[in-house]
Amino acid sequence: MWPLIATSLVSTVEAGTLARLTSQYPEVLAPPQGEAQWVAKSMRLNGLPMTLKTFHSRLNAEAVLNHYETWARGRHADQSTRSKNGEWHVLALRSEQYYITIQARATLGGSHGTIAVSPPLARVALNLESRFPTPASMSIVNLQQYEDFGSESEHISLSSTRTPSIEARAFAELLGREGWQLIREQRTQEMAHGYVLEAQKGAEHASITLIPDRTSSARTAAVIVWKKP
């Protein structure tokens, strides 16, 4: 298998399905002259199961990608692709079982970036469905699902063609009908015309932030942080 990869086998006795799945993924080590930290050992991004790390290194971004490209060459990597997205240098490594994406950008004294490991993209269908109650006027545009020590949470990004004040009222009414207790509802201090709602249902907790969309004050961008028991 891949040299310089340490297989991460975490305890899954109490973990859910997602944690059991991602525990089988290889753990990519930090680049030379650097360190790496976990962001998520078990998450889904729009339905794609994955692990995610951040790293920093005294090497520059180009040297970091050179390291991983050399490391992967001829070692079960069917394809290696370089690209650039603004200030980010991106390396995609494809093997039969895994898809590894490494992003790096320059910092003072080196570089920092992310390492994501997932199954091949063709094997996973896009999924933007959440069980959290949302008004029919709102559409999910990004869904991040996490598992950590048996607890689950979701970070849900949504958009709407209605104003934040209308959507805040719609959320409050819907959550009440669904058995949630609204414990906070107020305007945001940082953003004009924005609203923050906080609600509980048993051991579940949700924080909802609604602000005017950048494209139009008559549209809404929302983020929900839903912590499950």
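It should be noted that the structure appears before, not after, this text.
What comes next concerns the included structure. Every value quoted in this text rests on a predicted model; they were computed, and no experiment measured them.

1. A few points about the overall build of the protein chain
Each helix and strand in the protein chain was counted, giving 3 helices and 14 strands. With respect to the principal axes defined by its C-alpha atoms, the protein chain has extents near 60 × 40 × 30 Å. Contacts in the protein chain between residues far apart in sequence, at least 24 positions, make up 50% of those at least 6 positions apart. Surface accessibility of the protein chain: about 12600 Å² in total, with carbon and sulfur atoms responsible for 49%. Once the 23 positive and 21 negative side-chain charges of the protein chain are each reduced to a mean point, those two points are 4 Å apart.

2. Thoughts on the pairing of strand E4 (residues 48-57)
In terms of residue burial, E4 counts as a mostly covered element, since 8 of its 10 residues are buried. Sheet analysis places strand E3 (residues 34-45) next to E4, joined by 9 bridges and oriented antiparallel. Across the sheet, Arg44 pairs through a bridge with Pro49, a residue of E4. In this antiparallel pair of consecutive strands, E3 and E4, the connection spans 2 residues, and Asn46 shows a positive phi of 50 degrees. With 7 bridges joining them, E4 and strand E8 (residues 110-118) adopt antiparallel strand pairing. Among the inter-strand pairings, Phe55 is bridged to a residue of E8, identified as Gly113.

3. Details of the sheet that holds strand E6 (residues 88-94)
Taken together, 12 strands build an open sheet; the order of strands is E5-E6-E7-E8-E4-E3-E9-E10-E14-E13-E12-E11 and the sheet is antiparallel. Looking at strand neighbours, the two that pair on one side only are strand E5 (79-85) and strand E11 (181-187), the edges of this open sheet. Across the sheet, the mean angle separating the axes of adjacent strands is 20 degrees when strand polarity is ignored. Bridge count between E11 and strand E12 (residues 195-201): 6 bridges; the pairing is antiparallel. Bridging across to E12, Leu182 finds its partner in Ala199. In this fold helix H2 (residues 61-72) packs onto E4, E5, E6, strand E7 (99-107) and E8, with an angle of close to 5 degrees to the strand it touches most, E6. The strands that helix H3 (residues 164-177) touches are strand E9 (138-148), strand E10 (151-160), E11, E12, strand E13 (204-213) and strand E14 (216-227); relative to E13, the one it contacts most, it runs at about 160 degrees.

4. Here we look at the nonpolar core
Counting residues in hydrophobic clusters, the biggest one holds 19 residues, and the most contacted among them are Phe132, Phe171, Ile208, Leu210 and Ile224. Beyond its immediate sequence surroundings of up to four residues, Ile224 is in contact with Phe132, Thr134, Glu154, His155, Ile156, Leu158, Phe171, Ser207 and Ile208. The next biggest cluster of nonpolar side chains, apart from the first, holds 18 residues, and it includes Val28, Phe55, Tyr68 and Leu91.

5. Description of unusual backbone geometry
Note: most peptide bonds trans; most residues except glycine with negative phi. A positive phi angle is found at Gln33, which is not glycine, with a value near 55 degrees. With respect to the secondary-structure elements, Gln33 resides in the loop between strand E2 (26-28) and E3. If you check the backbone angles, Asn46 has positive phi at about 50 degrees while not being a glycine. Judged by its relative accessible area of 17%, Asn46 falls in the buried class.

6. Some remarks on the side chain of Glu27
Locating Glu27 in the fold gives a position in strand E2. On the basis of relative accessibility, which here comes to 17%, the residue Glu27 falls in the buried class. For Glu27, the side chain forms a polar contact with the side chain of Lys53, separated by 2.6 Å.

7. Quick word on the environment of Val223
Residue placement: Val223 occurs in strand E14. Measuring from C-alpha to C-alpha, the distance between Val223 and Thr114 comes to 23 Å, with 109 residues separating the pair along the chain. Every residue in contact with Val223, bar those within four places of it in the chain, is listed here: Ile156, Ser157, Ser207, Ile208 and Thr209.

8. A short note on the packing of aromatic side chains
Counted according to the given criterion, the structure contains 4 aromatic pairs. Where Tyr25 meets Tyr98, the ring centres are 5.8 Å apart and the plane angle is 75 degrees; that geometry is what we call edge-to-face. With Tyr25 in the loop between helix H1 (17-22) and E2 and Tyr98 in the loop between E6 and E7, the pair connects residues that are 73 residues apart, well separated along the chain. Of the residues examined, Tyr25 reaches a relative accessible area of 6% and is grouped as buried. A residue is classified by how much of its surface remains accessible, and Tyr98, at 13% relative accessible area, is buried. Look at Tyr68 and Trp71: their rings are 5.4 Å apart centre to centre, the planes differ by 75 degrees, and that puts the pair in the edge-to-face class. Of this pair, Tyr68 and Trp71 both sit in helix H2, separated by 3 residues, roughly a single helical turn. Lying over the aromatic face of Trp38, Lys53 brings its terminal NZ or CZ to 4.8 Å of the ring centre. The ring of Trp226 has Lys228 sitting right over it, with the charged end atom 4.4 Å from the ring centre.

Parameters at a glance
- Residue indices follow the written sequence of each chain, beginning from 1 at its first position.
- Selection of residues for local features in this predicted model requires a pLDDT of at least 70, selection of side-chain atom pairs for listing and counting requires 80 or more, and totals for whole chains, interfaces and linings are taken over all residues.
- Side-chain descriptors were evaluated using all non-hydrogen atoms of the structure, hydrogens and water having been removed beforehand.
- Only DSSP runs of H or I reaching four residues or more are called helices, and only runs of E reaching two or more are called strands; each is numbered from the N terminus.
- The contact rule is simple, with two residues in contact once any of their heavy atoms fall within 4.5 Å.
- All accessibility values rest on the Shrake-Rupley procedure with a 1.4 Å probe; residue burial counts only the protein chains present in the view.
- In summary, the charge assignment counts Lys and Arg as positive and Asp and Glu as negative, without counting His or the chain termini.
- Charge coordinates come from a single atom per side chain, which is NZ of Lys, CZ of Arg, CG of Asp or CD of Glu.
- Any residue under 20% of the maximum accessible area for its type is buried, any over 50% is exposed, and the rest in between are partly exposed; the area is computed with a 1.4 Å probe on protein chains only.
- What makes two strands pair is DSSP finding at least two bridges between them.
- To obtain an axis, a line is fitted to C-alpha atoms, over the contacting stretch when the element is a helix, and the angle between two such axes runs from 0 to 180 degrees between their N-to-C directions.
- Here the nonpolar core consists of buried residues drawn from Ala, Val, Leu, Ile, Met, Phe, Trp, Tyr and Cys, with membership extended through side-chain atoms lying within 4.5 Å.
- We call two N or O atoms a polar contact when they sit within 3.5 Å, provided that within protein one can donate a hydrogen and the other can accept it, with sequence-adjacent residues counted only if both atoms are side-chain atoms.
- Here is the rule: rings of Phe, Tyr and Trp (six-membered ring for Trp) pair when centre to centre is within 6.5 Å. Planes less than 30 degrees apart are stacked, more than 60 are edge-to-face, and the remainder are tilted.
- The rule is short: NZ of Lys or CZ of Arg within 6 Å of the ring centre and within 35 degrees of the ring normal puts a charge over the ring.

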